[in-house]
Structures are given as structure tokens and as C-alpha cells.
Amino acid sequence: MSTTRTAEANDIDLEKAPLEVAMKALNADGDKGLSTGEVEERLRRYGPNALPEKHESLLNKVLKYFIGPIAFMIEAAALVSAFLGRWDDFAIIFGLLVFNASLELWQDMKASNALSALKESLAPHATALRDGAFKTIDAAALVPGDIVRIRLGEIVPADLRLVSGEFASIDQAALTGESLPVSKKSGDEAYSGSVVKQGEMTGLVIATGGNTFFGRTAKLVAGAGAVSHAQRAMFQIGNFLIAVAVVLALVMVAVQVWRDIVVADTWGVDDALNILQFVLILLVASIPVAMPAVFSITMALGALALSKEKAIVSRLASIEEMAGVDILCSDKTGTLTKNLLTLGDPIILDANGPEEVVFAAALASERENSDVIDTAVLDALKDKSGLDGYKVDKFTPFDPVSKRTRADLTDSSGKKITVAKGAPQAIIDLATPPDDLAKKVVQEVAALGSRGYRALGVTRSEDGGKTWKLLGILPMFDPPRDDSKSTIDKVRAKGVAVKMVTGDDTAIARETARQLGLGTNIIAAADAFPKDMDPDNVPGKIADSIEKADGFARVFPEHKYAIVKALQQRGHLVAMTGDGVNDAPALKQADCGTAVSGATDAARGAAALILTAPGLSVIDNAIDEARRIFGRITSYTIYRVALTMDIMFLVVLSTIFLGFQPLTAVMIVIMSLLDDVPIMTIAYDNTAVAKDPIRWRMPRLLSVSAVLGLASIVQSFGLLLIGFAVMNDAAARDYFGLHDQAQLQTVMFLQLVAGGHLLLLVTRTYKWFFEPPFPARPLFIAIVLTQALAVLMCGFGWIVPKIAWTTIGWIWIYLLVWLCVLGIVRVALERLMDNRLSRRARSAEIVNAPLSHHGHLHG
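Residues numbered from 1 in each chain as written. Predicted model: local features only at pLDDT ≥ 70, side-chain atom pairs only at ≥ 80, totals over all residues. Heavy atoms only, no water.

Trainee: Can you help me understand the sheet that holds strand S23 (residues 609–611) in this one?
Mentor: Think of a sheet as strands paired side by side through backbone hydrogen bonds, with each pair either parallel or antiparallel. Pairing is mixed in the open sheet, where 8 strands are placed in the order S9-S23-S22-S21-S10-S18-S20-S19. Both edges of this open sheet fall to strand S9 (311–313) and strand S19 (522–524), since each of them pairs with a single strand only. Strand-to-strand twist of the sheet, defined as the mean angle between neighbouring strand axes without regard to direction, takes the value 20°. Pairing between S9 and S23: 3 bridges, direction antiparallel. (Pairing = 2+ DSSP bridges. Helix = DSSP H or I, 4+ residues; strand = E, 2+ residues; numbered from the N terminus. Axes fitted to C-alpha atoms, helices over the stretch in contact; angles between N-to-C directions.)

Shown next as C-alpha cells:
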């Protein structure tokens with residue numbers, strides 16, 4: 001896709017217009033450059049040659065983390081604690097709030113580093129023609145119409161049209177993804193941020209700052225980014241619990257008011273405060289204060305595990321996203337391939353063997369040069385010592401006009417030879433072979449080109465260049481990495497489609513895809529995407545072709561971004577790998593942007609996952625780890641929602657129907673700590689790896705939570721009724737030692753603490769709780785220690801009223817019976833939902849893959 005620049009006076013494409021038209025449109029002077037006055041006027045009109053910055057105060061950033069359903073609920077709990085004077089509770093709850101906000105701030109600060117890294121890629125200085133003389137200036141002071149000089153090793157300071165000079169070889173791989181430096185001549189464009197590898201030229205500045213190719217990339221990075229699915233899930237869970245709490249609070253208030261005003265015919269301030277206290281206690285009970293912390297800690301421990309697999313996590317939420325990824329868009333050069341140009345088997349034309357062709361090409365190469373083609377030729381030579389027998393009399397390096405290198409040499413016997421290598425057509429023009437041989441060369445080169453190979457012609461002369469012998473053709477290709485095909489096969493087996501994305505030509509992309517078994521439906525993005533297309537709103541037909549494609553060639557940054565965005569809008573979770581500045585917008589927009597080993601700072605700053613080992617094999621491990629983590633998070637979510645419903649309904653039903661407060665405020669806070677703090681060890685739990693991508697399917701998850709919550713309410717309310725029956729029977733009261741309502745509150749406290757952790761055994765698997773995978777040792781130990789502490793508190797009367805050991809024993813028997821009941825409910829519910837899903841799939845004639853482990857909950 002070309003970059004269109006428009007002069008203010010004329011609607012002119014400065015990239016494509018003839019040079020003299022572009023010079024005139026910008027009022028540029030090739031001999032004197034701009035005057036100081038003109039520069040100042042243009043700086044006011046166009047602004048500085050720098051990436052635009054939008055600053056947000058730290059206070060605004062911090063305040064954002066205290067907004068949202070879960071945050072509001074935790075803040076309400078803190079205010080309730082302060083209102084009731086329970087400052088120890090306030091400190092714990094407020095501490096959790098600050099912890100969650102600090103983690104999110106740290107993540108955002110990491111993400112904002114992407115733009116900072118982009119800015120560092122820009123040239124700090126430029127050599128510009130001002131007031132008739134070339135001088136070194138700050139690159140930020142460049143304006144459209146400036147004349148600048150670029151030379152070997154320099155960063156191109158703005159988007160240019162090259163106007164004079166022999167040639168320049170420019171590495172723009174970080175911008176466009178092309179695997180080799182591009183030869184530029186007068187009239188061509190040079191992009192801001194690319195690097196001059198050879199030559200020296202003068203150029204006309206046609207775009208600066210945010211209007212450059214580089215600047216557009218930066219704008220895409222600034223605007224890119226998707227809301228974490230974990231954040232959405234917490235919002236939905238928070239909204240669900242708030243809705244339940246509000247409905248229950250209204251019911252409880254209505255009943256209490258009716259009793260006080262209609263039945264008892266009394267109403268006073270004490271009654272109002274009493275109702276308010278009940279509502280506030282219910283609110284405290286309904287808030288899963290540790291949920292964000294459990295999510296964060298689980299993902300942080302997952303990040304630690306991934307770091308041992310050579311993957312650094314820079315955005316924690318990306319771990320959860322990786323579990324649901326169903327499309328992986330992978331960069332080609334350096335990720336799927338070795339980024340190392342390699343020679344194929346030589347095609348022999350007039351040589352004694354392949355080694356003669358390679359040796360002649362090596363003689364026409366510079367050994368001390370870092371040119372990728374010369375390096376590939378020299379690496380293919382089996383015995384380099386033979387080169388030492390030749391003295392180089394004259395070497396003519398490659399240039400885009402002759403399109404070949406040439407070396408005049410003398411061997412150890414004093415014999416002079418000349419060798420040349422270069423573009424096949426250029427070698428044919430030099431060697432002038434017979435027509436049939438020239439035709440054969442053209443055919444061979446065309447065949448190589450159709451398979452994505454570059455071709456290098458090699459010729460030799462023994463009479464000073466009067467006559468030439470066309471030795472052969474050297475095919476060149478960037479070969480796939482040794483582990484790429486096996487990794488792609490493994491990732492596909494996990495239900496993840498792989499699409500290749502590259503800036504290279506279509507033929508090269510198609511051959512690489514063929515070798516990797518990716519399919520050959522490769523779309524040339526530069527042709528398929530309209531120039532004026534909005535990357536945020538890809539037309540339907542193009543989005544269809546993106547979904548069906550096996551890969552994309554000739555891709556620019558906005559194409560990569562549009563590909564990711566279009567797939568996301570079709571409901572896919574997309575992982576994107578890349579290493580260059582050109583990949584940064586797509587990396588940031590992707591659900592799990594992954595910077596591969598050796599990536600630029602801009603790519604690493606935009607990515608959520610940074611690989612420190614070459615290739616894609618780490619991705620396979622990351623998917624497994626992500627799916628384990630997702631399983632742990634959903635286990636906790638079901639447990640927390642079900643237990644919260646149990647506590648809320650118990651408080652309301654007991655208050656309405658029995659006129660009894662089953663838990664004191666202190667008990668609720670202690671119970672929250674005993675239930676939630678040890679449960680953070682679920683981050684270490686043993687979890688089966690799902691066979692297919694898994695993601696949040698909230699209706700199903702909340703349905704399972706609600707049914708288990710309902711069963712738990714029956715369990716808790718049933719024990720409460722048994723408790724009242726015991727207290728009303730003298731013999732039973734003496735046997736159980738249950739003499740007053742304070743002791744009954746202790747019974748309910750123990751039932752909820754112990755029953756809560758037994759409930760976790762049911763929520764952590766969709767199968768029977770006694771089947772593997774079994775709970776991990778840290779989780780099991782945390783549960784046992786918590787249970788022991790709760791039992792000792794109740795048995796010795798620490799903080800809560802003391803109850804008899806006999807009663808504690810019977811409570812545990814009751815809980816173990818209910819553990820089996822809840823297990824039956826869970827298994828039956830899963831089978832019912834699976835059968836319903838299967839019937840729906842059959843009726844719609846959709847063939848679905850069998851659901852695996854936590855896929856039962858979120859697909």
C-alpha cells in the first residue's frame with residue numbers, strides 16, 4: 001500500500017508524482033535548500049518531525065483502577081467497615097484494593113513503553129541543506145521540502161523521495177518485513193526509521209512526524225489494544241453478585257419494615273439502624289474481595305512458570321487470553337524461517353560440477369563484507385582455503401544499475417581470471433550465451449521464482465572479460481527453522497489455526513507455507529486491501545478472505561493490524577508474533593501479542609509475551625500453561641460465586657423466616673479470610689490441559705455456579721434447621737452441648753468455612769471429585785491447615801463462642817455426606833448441559849469437537 005501525502009495547494013501523491021512535480025509542490029530548492037524563515041514558517045504549519053505525544057496524569061491513570069463493579073463492591077465493603085468502626089477489616093480490604101490497582105498500573109506502564117521504544121528508533125540528527133549549505137541539525141527540525149543527505153550507517157530521518165546519487169541499499173525490514181535490504185535509486189522513496197546499508201544519496205523530505213510511514217505505525221500502536229476477557233469476566237461476575245445482593249437486600253428491608261411498622265406498629269431510629277446494619281453485613285458477605293487478587297496471583301505464578309520456558313510475560317491478562325486463542329498469526333522471517341539466506345543445489349550450465357559454480361561465486365564475493373548474499377555464498381563453500389590462492393586485483397561491488405558484482409583476480413601461478421555474479425538477466429547480458437542457453441536460464445529462473453527462490457547467475461572469463469563462460473545458477477532461499485513444522489503441527493492439534501504473515505513476495509510466502517504444511521492460499525495484502533481502507537473497519541468480503549487465507553504476503557503495518565482486528569471482529573481470539581517496528585500495532589491489538597527472540601524494542605514494548613528462545617516452540621508450551629491457568633481461575637470463580645450465594649441467601653432466609661442472624665459481622669470477616677487467603681494456593685493446583693481453545697462462556701459458568709450455590713444453600717439452611725430442632729429438644733441439646741443461639745452461630749460459621757473448602761473439591765473438576773488430577777500439595781496443605789484452625793477456634797472458643805467436640809464431629813459427618821451430594825449434582829449438571837449442547841449442534845447440523853476438561857464451562 002502506498003503512502004499518500006497531499007500538498008496543501010495541490011492534491012498530489014508526493015510518493016508517486018514525478019520528482020519535479022513533487023519538488024514544485026513543496027517549493028523545494030535542490031541547490032540552496034530552505035531558508036531559515038521558510039523552515040520556521042513550515043514548522044508552524046506542519047509541526048516538528050517527531051511522534052505526537054498525549055500525556056495522561058498519573059492521578060488519572062490511578063483513579064481508573066478504582067472504577068468497575070468489583071472495585072465498587074470492594075470500596076463499599078471498606079466504607080461499611082469504616083462506618084461500623086471495624087478498622088482492622090477496613091485495613092485488610094483497602095490493602096486488597098491497593099494491591100489490585102498497583103498490579104494494573106504496573107501492567108499499563110509496561111504497555112506504554114511501546115511508544116517510547118518507537119521514538120528511540122527515530123534518527124536523532126540529520127544532514128540538511130539550509131541556506132545554501134549542508135549542516136547537521138536536530139532531526140525534529142526537519143520540514144517537508146527540506147533536502148537531506150543520507151549515507152552508510154545512518155537512520156533515514158523522515159520520509160524521502162531520493163533525488164540524486166548513484167544508489168543506496170536500505171534495510172527497511174523493521175518497517176515492511178522484507179527480509180533483504182532494498183536497493184534504491186533516484187525517484188524511489190525511503191522510509192523514516194529505515195537504515196542505510198550501502199551508498200549515499202540526497203533526498204527530498206515529503207512527510208514528517210506523524211504523517212510518515214513510521215508515524216502511522218506509531219498512531220496504530222497508540223490506538224491499539226483490546227480489553228482483557230478476564231476483566232470483562234470480573235465485570236460480569238461483579239454485576240451478577242451485585243444484582244443478587246440488591247434483590248436480597250430489598251426483600252430483607254421490605255420484610256423488616258413490614259414487621260416493624262405493620263405487625264409491631266413500631267418504628268424508630270434504632271430499627272432503621274438495625275435494618276441498615278443487616279444490609280451492610282449482607283453487602284460485606286456478597287463481595288468477593290479476594291477475586292481480583294486471586295486472578296492476579298494465579299496469572300503471576302503462571303508468568304513465573306512461563307519464564308522458565310523462555311517466555312517473559314509483560315501483560316498478565318495475556319496468559320488467560322492465550323488459553324482461548326484459536327488463530328495464531330505468525331511472522332515468517334526469523335520466526336518460521338531462520339532469517340539466514342541459504343543456497344540450494346546449484347543448477348549447472350557450463351561447469352564441471354556444483355562446487356565449481358559455488359567457488360566462482362565465492363571469488364566474486366567480499367569475504368569481509370556483511371552482505372547477506374555474499375555471506376550465503378561463502379557459507380555454502382565447503383573448503384574456503386582455496387580462496388587464499390587468489391589475489392584480488394579489482395573488485396566492483398553490487399549496484400542497482402549493473403545488478404552484479406565483479407572481481408578481477410590473479411591465481412598463485414600468475415594466471416588472471418575474472419568472475420561475476422548477480423541477477424541472472426544481468427549475467428546473461430554480460431556473458432551473451434547462445435540463445436538456447438539464455439532461454440534455458442530464463443526458464444530455470446522463472447521456475448525458481450514460482451517456488452519463491454531467488455536466483456543468482458555465475459559466470460567466469462579467462463581473457464580479461466572478452467568472452468565469458470556461463471557456469472550456472474545458484475538458487476537462494478530463507479529455509480524454515482528445524483522446529484517450525486513440528487511446532488505448527490502441535491499447535492494445530494490443540495485447535496489453533498496458524499496463518500503466516502510476511503512482507504516478502506507472494507511466491508516466497510507460498511513456498512515457505514508449502515514446506516511447513518500451512519496451505520498455499522496466500523493473499524497479497526498490498527493488492528487485496530484498498531489504499532483508503534480503514535483498518536478498524538475491514539469490509540465484509542475482505543474479512544471473509546482473511547478468515548479463509550493460509551497466509552498473507554507483501555504486508556505493511558496497517559495490513560497486519562487490520563488482519564488481527566478483522567479476525568477479532570469475527571469472534572476469534574488472535575495471537576500475533578513479530579519482531580519489527582512494523583509488527584508493533586498488530587502485537588498491541590492482538591489478544592496475545594508475542595515478540596519473538598531478537599525483536600526490536602518497539603515490538604517488545606507492544607507485546608504481551610516476549611520469547612527469549614528462537615522460533616515458535618515456546619508458543620506450544622505457553623498454550624498448555626495458559627489453559628492450566630484458565631482452568632484454575634474458573635475453578636475459583638465457580639467456587640467463589642457459589643459460596644457467596646450460599647452466605648447471602650443464608651443470612652436473608654434466616655433473618656426473614658427465623659428472625660435469626662446466623663453469622664456475626666466478625667464471623668463474616670474471619671470466614672472471608674479463612675476461605676479466600678488459603679484459596680490463593682489454587683494458583684498451584686494440578687489442572688488437566690484442555691484439548692481445544694477455552695474461553696469465558698459466562699451463561700454456562702454462572703449456571704453451574706448458581707446450581708451449586710442453590711445446593712449449598714439447601715445444605716446450610718438444612719443444618720440451621722437441624723440446629724434449631726436440637727435446641728428445642730432437651731436430650732439432643734444436652735448431647736450436642738448446643739444451649740444458645742451464639743453457639744448455633746458458631747455451628748454455621750464452621751459449616752461455611754469447612755463446607756466452602758469441600759465445595760472447592762467439587763468446583764475444580766467437571767468429573768467426580770475423587771478422580772485425578774488430584775489437588776496439588778500446596779492447595780491441599782492450605783485447606784487442611786485452614787480446617788484445623790477453624791476446628792480449634794470452635795473447639796476452644798477462640799474469637800467465636802465455644803461448641804462441643806461431639807458437635808464438631810457431627811458437623812463434619814454432615815459435610816462429607818453433602819460433599820457426595822454436591823459431586824452428584826455437578827456431574828449430573830455437566831451431562832445435562834452436554835446433552836443439550838449436542839442436541840442443539842445436531843439440529844443446526846454443526847459438528848463440534850468433543851469438549852475437554854474446562855472446555856465444559858467455557859468452550
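Next comes the rest of the account.
Trainee: Looking at this structure, how should I read the nonpolar core?
Mentor: Within soluble globular proteins, side chains that are nonpolar tend to cluster in buried spots. Grouped together as the largest cluster of nonpolar side chains are 119 residues, with contacts concentrated most on Ile319, Met322, Leu609, Leu663 and Phe749. Dropping the residues within four chain positions of it, methionine 322 is found in contact with Cys592, Thr594, Leu609, Ile619, Ala622, Ile623 and Ala626. Counting 31 residues, the second largest nonpolar core, distinct from the first, contains Cys329, Ala549, Val564 and Ile610. (Core = buried A, V, L, I, M, F, W, Y, C linked by side-chain atoms within 4.5 Å. Buried < 20%, exposed > 50% of the residue type's maximum accessible area, 1.4 Å probe, protein only. Contact = heavy atoms within 4.5 Å.)

Trainee: Looking at this structure, I do not really get a negative patch on the surface. What am I missing?
Mentor: Together, Asp29, Asp31, Glu38 and Asp131 make up a negatively charged patch on the protein surface. Its place among the elements puts glutamate 38 in helix H2 (residues 36–46). (Patch = residues over 30% accessible without salt bridge, like charges linked within 9 Å, V, L, I, M, F, W, Y side chains within 5 Å. Areas by Shrake-Rupley, 256 points an atom, 1.4 Å probe, with all protein chains shown as cover. Salt bridge = Lys/Arg side-chain N within 4 Å of Asp/Glu carboxyl O. Lys, Arg positive; Asp, Glu negative; His and termini not counted. Charge placed at Lys NZ, Arg CZ, Asp CG, Glu CD.)

Trainee: Help me out: how do you make sense of unusual backbone geometry in this one?
Mentor: Trans is the prevailing form of peptide bonds, just as negative phi is the prevailing case for residues other than glycine. The peptide bond linking proline 772 to proline 773 adopts the cis configuration, its omega dihedral lying at 5°. Within the secondary structure, proline 773 is located in the loop between helix H29 (741–763) and helix H30 (777–796). The backbone of asparagine 27 shows a phi angle near 50°, a positive value even though the residue is not glycine. Structurally, asparagine 27 can be placed in the loop between helix H1 (19–25) and H2. The backbone phi angle of asparagine 339 is positive, close to 55°, even though this residue is not glycine. Tracing the backbone through its elements, the reader meets asparagine 339 in the loop between helix H13 (332–336) and strand S11 (342–343).

Trainee: What am I meant to see in the pattern of salt bridges here?
Mentor: Side chains that carry opposite charge are capable of pairing whenever their charged atoms lie near each other. Tallied over the entire structure, the rule returns 31 salt bridges. Between arginine 130 and aspartate 146 there is a salt bridge, with the nearest N and O atoms lying 2.7 Å from each other. In this pair, arginine 130 sits in strand S1 (residues 125–130) while aspartate 146 sits in the loop between strand S2 (133–138) and strand S3 (147–151), placing the two residues 16 residues apart along the sequence. Under the relative-accessibility criterion, arginine 130 is labelled buried at 9%. A salt bridge links arginine 570 to glutamate 547, with the shortest nitrogen-to-oxygen separation between them at 2.9 Å. Here arginine 570 is found in the loop between helix H22 (557–569) and strand S21 (574–578), whereas its partner glutamate 547 is found in helix H21 (residues 540–548), with 23 residues between them in sequence. Three or more residues are tied together by salt bridges with common partners; here these are Glu356, Lys415, Arg460 and Glu462.

Trainee: Help me understand the packing of aromatic side chains in this model?
Mentor: Working definition: an aromatic ring pair is given by the centre-to-centre distance plus the angle between the planes. Considering all chains together, one arrives at 10 aromatic pairs under this definition. Note on tyrosine 636 and tyrosine 639: the rings are 6.0 Å apart at their centroids and 50° apart in plane angle, and the pair reads as tilted. Remark: tyrosine 639 and tyrosine 636 occur in helix H25 (residues 617–658); sequence separation between them is 3 residues, near one turn of the helix. Summarising the burial analysis for this pair, tyrosine 636 and tyrosine 639 share the class buried. A network of ring pairs unites the aromatic residues Trp768, Phe769 and Phe770 as a single cluster. One cation-aromatic arrangement involves lysine 184 over tyrosine 191; the distance from NZ or CZ to the ring centre is 5.8 Å. (Phe/Tyr/Trp six-rings, centres within 6.5 Å; stacked < 30°, edge-to-face > 60°. Lys NZ or Arg CZ within 6 Å of the ring centre and 35° of its normal.)

Trainee: Is there a simple way to explain the environment of isoleucine 275 in this structure?
Mentor: Within the secondary structure layout, isoleucine 275 lies in helix H10 (residues 269–286). Taking relative accessible area as the criterion, isoleucine 275 reaches 7% and is therefore assigned buried. With 26 residues separating them in the primary sequence, isoleucine 275 and alanine 249 have C-alpha atoms 9.6 Å apart.

Trainee: When you look at the packing of helix H18 (residues 484–493) against H25 in this model, what are you seeing that I'm missing?
Mentor: Two quantities define a packed helix pair, namely the angle between the helix axes and the distance between the axes. One can describe the packing of H18 onto H25 by two numbers: an axis separation of 8 Å at closest approach and a directional angle of 20°. Considered as vectors, H18 and H25 are oriented roughly parallel to each other. In the crossing of H18 with H25, the sense of the turn from one axis to the other is left-handed. On the side of H18, the interface is formed by Thr487, Lys490 and Val491, while H25 contributes Ser617, Asp620 and Ile623. Its residues placed into classes, the contact of H18 with H25 shows 2 nonpolar, 2 polar and 2 charged. (Parallel < 35°, antiparallel > 145°, perpendicular 65-115°, else oblique. Left-handed = near helix turned anticlockwise from the far one by under 90°. Nonpolar A, V, L, I, M, F, W, Y, C, P; charged D, E, K, R; others polar.)

Trainee: Would you take a moment to explain a nonpolar patch on the surface for this structure?
Mentor: Among the surface-exposed residues, Val666, Leu789, Leu792, Phe796, Trp798, Ile799 and Trp805 lie close enough to one another that they form a single nonpolar patch of about 700 Å² accessible area. The biggest single contributor to the nonpolar patch is H30, with 3 residues. Within the element layout of this structure, tryptophan 798 appears in the loop between H30 and helix H31 (805–843).

Trainee: Help me understand the pairing of strand S4 (residues 159–164), please; the structure alone is not making it clear to me.
Mentor: If a strand is regular, its side chains alternate between the two faces of the sheet. Pairing of S4 with strand S8 (residues 195–207) involves 5 bridges; the strand directions are antiparallel. What sits directly across from leucine 160, in S8, is valine 205. Where S4 meets strand S7 (residues 189–190), 2 bridges bridge the pair, whose relative direction is antiparallel. When the bridges of S7 are listed, leucine 160 appears paired with alanine 190.

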